[in-house]
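As a plain string of letters, each chain reads:
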Amino acid sequence: MAKRKGLTWKASSSLVLNSAAFQDHITRNLLHPNVRLPAPFPRGKKAARIKLKETALQTHDQQEEREYVLDSAPPPLTLAQKLGLVASPAGRISEDEWSRVKERSVRQGDSAQPCAICREEFYLQPQVLLSCSHVFHRACLQAFERFSGRRCCPVCRKEQYETRVIHDAARLFRHQCATRIQARWRGYLARKRYQKLKKSICPKDTRLRRKFFEAKLQELNDSFVRYCHTDTESFLSDINRSLSSSRRVFQQLERKQVSEPQENDWERIQSQVVQRGVWDCPICLTALRSPSLPTEAGTSSHHRHAALLSCSHVFHQLCLEAFEAFSTESRPSCPLCRSFYHKKITHLDTN
């Protein structure tokens, strides 16, 4: 009887222990997977110093771009796992396994592609590699775990993965930047060298050869102008002054050379008027007739005074006097040919 009671008590104790173990396992891994319960026997200041030392080492590794595992210490086993009621998690991945995972990720080209969570390039931002060979931004993965409430890969949904910080995308980005800089610099040097050769070597094509010699001639003209130091405004001003001086000299000579015609000259000038056949005054545009010229039959005539100029032009006397009165020159010129003149008053017949 006592033996049966002892077995019953052991069975009930084992059942209670198993129930508590399952409850602890569910609480830690299923309901609150991100909550880490404190260790049962904390070691006080020594544990804090170790943690600070590990953080400092990780910071130093980040500065040197060395790869390291984020969760290096495995989570403590639950009571159910210790009793064998639940399978224990797999062991930590070794360095050789991490190398194979990274090789698989490199073959897939994950670091050269955008992050699968935010769909943005990695550039120089922190990058993490999961044990399932998928690559993400470190901040993106942390945000995914925090908002999803689960610890699983966003791509393949694998649970209980390990995370390793890598810098493949940063190295690839630096290599691309260096390649672009070198390409731009080489292109600049090549274009500069080509421009020098283009200025010194004459091309064989006819059209290009013509442009080459035109550019050379233009270059020579520009250098000549720069050498002469010509001021365009002063040069044009000098030309205007020279023209004004020459015009004044010629006007003075013309005034001196113009002499009063004699009677024979007036007859010759009048014959030129007859040959030209101009019977209208150029100023008032009314008819004028010379007394020596024949008139049409059956017409009546009356005398009007006309002015015959030494340049062989004829005007009404009143028209020419009005023109001379309104002229601003000291000695007016002919209204038609603009030359200085002598005049003779004659009588004209007009209809």
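**Student:** It is not clear to me how the overall build of the protein chain should be interpreted in this structure. Could you clarify?
**Tutor:** Counting its secondary structure elements, the protein chain contains ten helices and seven strands. A burial count over the protein chain gives 21% of its 351 residues as buried. Here the contacts in the protein chain between residues at least 6 apart in sequence split such that 60% fall between residues at least 24 apart. For the protein chain, the accessible area works out to roughly 25900 Å², and carbon and sulfur atoms hold 56% of it.

**Student:** Teacher, can you tell me more about the side chain of His316 here?
**Tutor:** Residue position: His316 is located in strand 6 (residues 314-316). Of note is the side chain of His316, whose polar atom sits 3.4 Å from the side chain of Thr286.

**Student:** What exactly am I supposed to notice about helix 6 (residues 168-200) here?
**Tutor:** Turn by turn, an α-helix covers 3.6 residues, leaving residues three or four places apart pointing in a common direction. For helix 6, built from 33 residues, the straight-helix expectation of 48 Å at 1.5 Å per residue is met to within 8% by its first-to-last C-alpha distance of 48 Å. Considered for burial, the residues of helix 6 that qualify are Asp168, Ala169, Ala170 and Gly187. Tucked inside the fold, the buried residues of helix 6 contact helix 4 (95-108), strand 2 (127-130) and strand 4 (163-166).

**Student:** Mind showing me how you'd approach the environment of Tyr68 here?
**Tutor:** Here Tyr68 shows up in strand 1 (residues 68-69). Residues Tyr68 and Ile166 lie 98 residues apart in sequence; the distance between their C-alpha atoms is 7.5 Å.

**Student:** Please clarify how the environment of Val128 should be interpreted in this entry.
**Tutor:** Inspection of the secondary structure assignment puts Val128 in strand 2. Assessed through its relative accessible area of 1%, Val128 is described here as buried. Along the chain, Val128 and Ser111 lie 17 residues apart, while their C-alpha atoms are 10.0 Å from each other.

**Student:** Can you help me understand the pairing of strand 2 in this one?
**Tutor:** Residues Gln127 and Leu129 point to one face of strand 2 and Val128 and Leu130 to the other, with burial holding for every one of them. The pairing of strand 2 with strand 3 (residues 135-137) spans three bridges and is antiparallel. Bridge pairing in strand 3 links Leu129 to Val135. Adjacent in sequence and paired antiparallel, strand 2 and strand 3 are bridged by four residues, among which Ser133 carries a positive phi angle near 75°.

**Student:** How should the sheet that holds strand 1 be read in this particular structure?
**Tutor:** Picture the strands of a sheet paired through backbone hydrogen bonds; they go either parallel or antiparallel. Pairing is antiparallel in the open sheet, where four strands are placed in the order 1-4-2-3. Every other strand in the sheet has two partners, leaving strand 1 and strand 3 as the edge strands with one partner each. For strand 2 and strand 4, the ladder comprises four bridges, and the chain directions are antiparallel. Note on strand 4: the bridge partner recorded for Gln127 is Ile166.

**Student:** Looking at this structure, I do not really get the pattern of salt bridges. What am I missing?
**Tutor:** Side chains that differ in charge, positive against negative, can pair when their charged atoms come close. One pass over the full model with this rule turns up eleven salt bridges. Put simply, Arg164 and Glu95 hold a salt bridge, and the shortest N to O gap is 3.4 Å. Here Arg164 is found in strand 4, whereas its partner Glu95 is found in helix 4, with 69 residues between them in sequence. Across the pair Glu263 and Lys344 runs a salt bridge, and its minimum N-O distance is 3.3 Å. Linking Glu263 in helix 9 (residues 263-276) with Lys344 in strand 7 (residues 343-350), this pair joins segments that are 81 residues apart in sequence. For Glu263, a relative accessible area of 47% translates into the label partly exposed.

**Student:** Even after reading the chapter, I still don't get the nonpolar core, so can you show me in this structure?
**Tutor:** Nonpolar side chains in soluble globular proteins tend to end up buried together. Core analysis: the largest hydrophobic core is formed by 19 residues, its most contacted members being Leu129, Leu130, Phe136 and Leu141. Elements that contribute at least two residues to this core include exactly strand 1, helix 4, strand 2, strand 3, helix 5 (138-148) and strand 4. By residue number, the principal contributor to this core is strand 2, which donates three residues. Residues in contact with Leu129, not counting those within four places in the same chain, are Trp98, Val101, Lys102, Ser105, His134, Val135, Glu162, Thr163, Arg164 and Ile166.

**Student:** Can you walk me through the confidence of the model for the protein chain in this structure?
**Tutor:** Close inspection of predicted coordinates is inappropriate for parts of the model with low pLDDT. Looking at the protein chain as a whole, its pLDDT mean stands at 76, while 69% of the residues score no less than 70. Mean pLDDT in the protein chain bottoms out at helix 2 (residues 45-63), which sits at 54, and peaks at strand 3, which reaches 93. Within the model, pLDDT remains below 50 along residues 290-302, and this stretch shows 21 contacts once partners closer than five positions in the same chain are excluded.

**Student:** Would you take a moment to explain the pairing of strand 4 for this structure?
**Tutor:** On any regular strand, side chains alternate: one points to one face of the sheet, the next to the other face. Here strand 4 shows no split at all, with Thr163 and Val165 on one side and Arg164 and Ile166 on the other all buried. In terms of strand pairing, strand 1 meets strand 4 through two bridges, oriented antiparallel. Note on strand 4: the bridge partner recorded for Tyr68 is Val165.

**Student:** What is the right way to look at the packing of aromatic side chains in this model?
**Tutor:** Geometry of an aromatic ring pair is reported as the spacing of the ring centres plus the angle between the planes. As enumerated under the stated definition, the model contains three aromatic pairs in all. Their ring planes at 80° and their centres at 5.0 Å tell us that Tyr123 and Phe173 sit as a pair that is edge-to-face. Placement of the pair is Tyr123 in the loop between helix 4 and strand 2 and Phe173 in helix 6, with a sequence separation of 50 residues. Overall, the relative accessible area of 23% leaves Phe173 in the partly exposed class.

Parameters and conventions
- Residues numbered from 1 in each chain as written.
- Predicted model: local features only at pLDDT ≥ 70, side-chain atom pairs only at ≥ 80, totals over all residues.
- Heavy atoms only, no water.
- Helix = DSSP H or I, 4+ residues; strand = E, 2+ residues; numbered from the N terminus.
- Buried < 20%, exposed > 50% of the residue type's maximum accessible area, 1.4 Å probe, protein only.
- Contact = heavy atoms within 4.5 Å.
- Areas by Shrake-Rupley, 256 points an atom, 1.4 Å probe, with all protein chains shown as cover.
- Polar contact = N/O pair within 3.5 Å; in protein donor to acceptor, adjacent residues only side chain to side chain.
- Expected span 1.5 Å × (residues − 1).
- Pairing = 2+ DSSP bridges.
- Salt bridge = Lys/Arg side-chain N within 4 Å of Asp/Glu carboxyl O.
- Core = buried A, V, L, I, M, F, W, Y, C linked by side-chain atoms within 4.5 Å.
- pLDDT = per-residue confidence, 0-100.
- Phe/Tyr/Trp six-rings, centres within 6.5 Å; stacked < 30°, edge-to-face > 60°.

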